[in-house]
Amino acid sequence: MVICNVVGARPNFMKIAPIVHEMQKRKIPKFIVHTGQHYDRQMSRVFFEELDMPIPDIFLGVGSGSHAEQTGRIMMAFDKVCMEREIDLVIVSGDVNSTVACALVAAKLGIPIAHVEAGLRSFDRSMPEEINRIVTDHLSDLFFTTEESANNNLKKEGISEELIHFVGNCMIDSLLKHIGIALEKSPWLTFGLEPGSYALLTLHRPANVDEGEALKSIVKIINEVSRSIPILFPLHPRTRERLAKGGIPLAHAVNTCEPLPYLTFLGLMAKARFVLTDSGGIQEETTALNVPCLTLRSNTERPVTITSGTNRLVGTDHEQISMSVNDILKRNWRSGKRPPLWDGKAAARIVDVIEGLHPVKREGASREK
Ligand code: UD1
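On a predicted model such as this, the values are computed, not experimentally measured, just so you know. (Residues numbered from 1 in each chain as written. Predicted model: local features only at pLDDT ≥ 70, side-chain atom pairs only at ≥ 80, totals over all residues. Heavy atoms only, no water.)

Enquirer: Can you lay out the sheet that holds strand 2 (residues 30-34) for me, pointing to particular residues and giving the numbers?
Expert: Taken together, the seven strands give an open sheet; going across it, the order is 3-2-1-4-5-6-7, and neighbouring strands pair in parallel fashion. Only two strands of the sheet have a single partner each, and these edge strands are strand 3 (58-59) and strand 7 (164-166). The strands touched by helix 3 (residues 67-84) are strand 1 (3-7), strand 2, strand 3 and strand 4 (89-93); relative to strand 2, the strand with the most contacts, the crossing angle is about 160 degrees. (Pairing = 2+ DSSP bridges. Helix = DSSP H or I, 4+ residues; strand = E, 2+ residues; numbered from the N terminus. Contact = heavy atoms within 4.5 Å. Axes fitted to C-alpha atoms, helices over the stretch in contact; angles between N-to-C directions.)

Enquirer: Would you mind going over the pairing of strand 4 in detail, with residue names and values included?
Expert: Counting buried positions over the five residues of strand 4 gives five, a clear majority of the element. The alternating pattern of strand 4 places Leu89, Ile91 and Ser93 and Val90 and Val92 on opposite faces, both of which are buried. Of the strand pairs in this sheet, strand 1 and strand 4 are connected by three bridges, and their pairing is parallel. Along strand 4, the bridge assignment pairs Cys4 with Val90. As defined by bridge partners, strand 4 adjoins strand 5 (residues 113-116) across four bridges and the pair is classed as parallel. The partner of Ile91 across the bridge, within strand 5, is Ala114. In this region the chain leaves strand 4, passes through helix 4 (residues 97-108) and returns to the parallel neighbour strand 5; the handedness of that crossover is right-handed. (Buried < 20%, exposed > 50% of the residue type's maximum accessible area, 1.4 Å probe, protein only. Right-handed = clockwise from strand over helix to strand, strands pointing away.)

Enquirer: Now, about the site of the ligand: what can you tell me, with residues and values included?
Expert: Near the ligand, the surroundings consist of 20 residues, among which Gln37, His38, Asn97, Glu129 and His236 are the closest. At 2.7 Å, a side-chain N or O of His38 approaches an oxygen atom of the ligand. Measuring from an oxygen atom of the ligand, one finds a backbone N or O atom of Tyr39 at 2.8 Å. Relative to its unbound accessible surface of 740 Å², the ligand loses 86% to contact with the protein. Every element with two or more residues in the shell around the ligand is listed here: helix 1 (10-25), helix 3, helix 5 (128-139) and helix 10 (237-246). When grouped by side-chain class, the residues that make up the shell around the ligand number five nonpolar, nine polar and six charged. (Near = heavy atom within 4 Å. Polar contact = N/O pair within 3.5 Å; in protein donor to acceptor, adjacent residues only side chain to side chain. Areas by Shrake-Rupley, 256 points an atom, 1.4 Å probe, with all protein chains shown as cover. Nonpolar A, V, L, I, M, F, W, Y, C, P; charged D, E, K, R; others polar.)

What is shown is where atoms sit, not what they do.
Below, the structure is given as structure tokens:
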């Protein structure tokens, strides 16, 4: 059985790395395709180095563009790969454009698809990721889930229970493997910060950064929060561009920097007093690290981070945010419990399932041009 592992954007790397390592350990034939959705060194290459991931066998180099352009370019390029190579299973992860694009190609060619982090739903179709999740799930043949809500969502959408494998969280596999070395690096020192005495901010969702007024309003509250605690703000390229374009000023105590490498960010997150974010994965990582997280969104596809973890949805509501920051600073925050199976063994469970498969081609689809 030959397995094609797809990656494209930053959050894919730490989800696929432990699976690739597990396959290497078990000598399972595999290769890695990188779509090139993220291409800056800080957004891509550095993750391969730090996660000790093999260099991708195939690099599609699609780059940025509108959703349709990016998705279309990935599809055309990945189609060629699937035509040229013998592939028995395509593994895609998460909810980025690379995920749905490669799933669409594989499905049309009759190549079975496994979706890692299947079944998550925000029930908010204004998020591009929600569309990517729904479409990818309905094209997939095998579903690897991270939390109970995902199992329920898939069942409600008519996915047969025997195809759903509740395996835990590969992103947390990577976190648990690297947290020791991340802390040893003491990355806070580079920024002149003390453990436990700063907040970490990430912001990149189109809904928060693409529209000038929304971004201005978020920055206003961030500037206010920075009067109580210094904030470190690694800037996604999209956000950097929007802040510059809008001429939106950040307060002195909001310290910006380039997107950070995995280990630096992990270490900083672990020792932050709290994290403010609109990311999906960071809600999970803070829960695993037991660090308070304020999510600058009105919904989450990862509800276990709220029911068991350290996450609170605050949207972009000034009162909610300042009340929550006060709660945290007064240590009035619930201690999180790590969700079931977030134990560093998700990738091993996934590869156990894959090893038990026999290569099955779907009927009615063909790789003939
Ligand atoms: C993508 C994912 C999002 C994920 C995020 C993590 C989709 C729909 N969105 O959003 O779910 O949370 O990655 O970062 O797939 N850019 C660079 N260098 C790069 C990559 C991007 O400068 O290496 C800039 C480009 O101007 C680009 C913009 O960032 O147009 C947005 O990149 P894109 O991959 O389209 O979406 P993200 O916002 O990164």
